[in-house]
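Results of the structural survey
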Amino acid sequence: MPLIEARSLTKTYTMGHEAVHALAGVSLDIEAGEFVAIMGSSGSGKSTLMNILGCLDVPDTGTYRLAGDAVQDMGSDALAAVRNRRIGFVFQQFNLLPRTSAQENVELPMVYAGVPTAERHRRARAALQRVGLGERTGHTPAELSGGQQQRVAIARALVNQPQLILADEPTGALDTHTSEDIMGLLAELNAQGITVVLVTHEHDVADWARRRLVFRDGRLMEDAAPPRRA
């Protein structure tokens, strides 16, 4: 059974008097352990698909199953629980709380999950160690570089031991060298068994993935392996 199973997904938004068909009958499977890049120009539907896969939105029609569970039939509380337990999110702008330490930022998903304090501390420190920031647990975002802030965000995504990491333009705010470091970290996590799905418009970032999905006008136009990295 695929980790992600989507069938005939549609999503339409109304902008003024115009209907915008963000997704137009998208079907795809993603197996556990895959590393997938989603590409497409602005308005292609890739962000809408990412929001549905991340249980941040629901399709108008079609079905979405995550690890066998019919997500499109869930209420808001159940969707929130799925996001917290099964999915780790990484965003372009890091979305860290500015006045709290790296460790406290990483602990946030566990606060929502009701994890006891001592266990939160232990797991947050372990997650930061895993991304190479074991010596930066007490630093605030302002005391960290952009690459280090993204590593904190990745540690936060990992801390509830998700089945799936969704990364939306994870290198968009980083320089080329730092981007390579972050993509290497995501590739390492994928090699450890975590499914990684990322949205990007950069071909060199997509080349890290083992599968590329290209969207245009709300439709999946290409599903293939990217060129081998040098």
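Below is a summary of the structure that appears in this document. Since this is a predicted model, take the numbers as computed values, not measurements. (Residues numbered from 1 in each chain as written. Predicted model: local features only at pLDDT ≥ 70, side-chain atom pairs only at ≥ 80, totals over all residues. Heavy atoms only, no water.)

1. Here's the deal with the pairing of strand β6 (residues 87-91)
- Taking burial as the measure, the 5 residues of β6 include 4 buried ones, the bulk of the element.
- Where β6 and strand β7 (residues 164-168) come together, 5 bridges link them in parallel fashion. Following the sheet pairing, I87 is matched in β7 by L164. (Buried < 20%, exposed > 50% of the residue type's maximum accessible area, 1.4 Å probe, protein only. Helix = DSSP H or I, 4+ residues; strand = E, 2+ residues; numbered from the N terminus. Pairing = 2+ DSSP bridges.)

2. Thoughts on the pattern of salt bridges
- Inspection of every chain in the model, using the stated rule, returns 10 salt bridges.
- Between D29 and R7 there is a salt bridge whose closest N-O contact spans 2.8 Å. Linking D29 in strand β2 (residues 18-30) with R7 in strand β1 (residues 4-15), this pair joins segments that are 22 residues apart in sequence.
- Exposure remark for D29: the relative accessible area of 26% places this residue in the partly exposed category.
- The partly exposed category is assigned to R7, whose relative accessible area is 31%.
- Across the pair D207 and R212 runs a salt bridge, and its minimum N-O distance is 2.6 Å. (Salt bridge = Lys/Arg side-chain N within 4 Å of Asp/Glu carboxyl O.)

3. What to know about unusual backbone geometry
- The phi torsion at Q161 lies on the positive side, around 55°, for a residue other than glycine.
- Residue position: Q161 is located in the loop between α5 (146-158) and β7.
- Taking relative accessible area as the criterion, Q161 reaches 67% and is therefore assigned exposed.

4. As for the sheet that holds strand β3 (residues 35-40)
- If you trace the 6 strands from one edge of the open sheet to the other, you get β6-β7-β8-β3-β9-β10, paired in mixed fashion. Either end of the sheet is taken by a strand with one partner, and the two such strands are β6 and β10 (219-224). Taking each pair of neighbouring strands and ignoring which way they run, the sheet shows an average axis angle of 20°.
- Sheet topology places β3 next to strand β9 (residues 211-216); 5 bridges connect them, and they run parallel. Across the sheet, M39 pairs through a bridge with V214, a residue of β9.
- Each of β6 and β7 touches helix α2 (residues 76-86); the most contacted strand, β6, lies at about 80° to it.
- Contacting β6 and β7, α5 crosses the sheet at an angle of about 165° to β6. (Axes fitted to C-alpha atoms, helices over the stretch in contact; angles between N-to-C directions. Contact = heavy atoms within 4.5 Å.)

5. Some words on the nonpolar core
- By size, the foremost hydrophobic cluster in this structure holds 39 residues, and its most contacted members are F35, V106, V152, I154 and L189.
- Where this core is concerned, the elements lending two or more residues are β3, α3 (102-113), α4 (117-130), α5, β7, α6 (176-191), β8 (195-199) and α7 (203-206).
- Discounting chain neighbours no more than four positions away, the residues touching L189 are R130, I154, L158, I165 and I194.
- Judged by nonpolar contacts, the second largest core, of 28 residues, contains L28, V82, V197 and L213. (Core = buried A, V, L, I, M, F, W, Y, C linked by side-chain atoms within 4.5 Å.)

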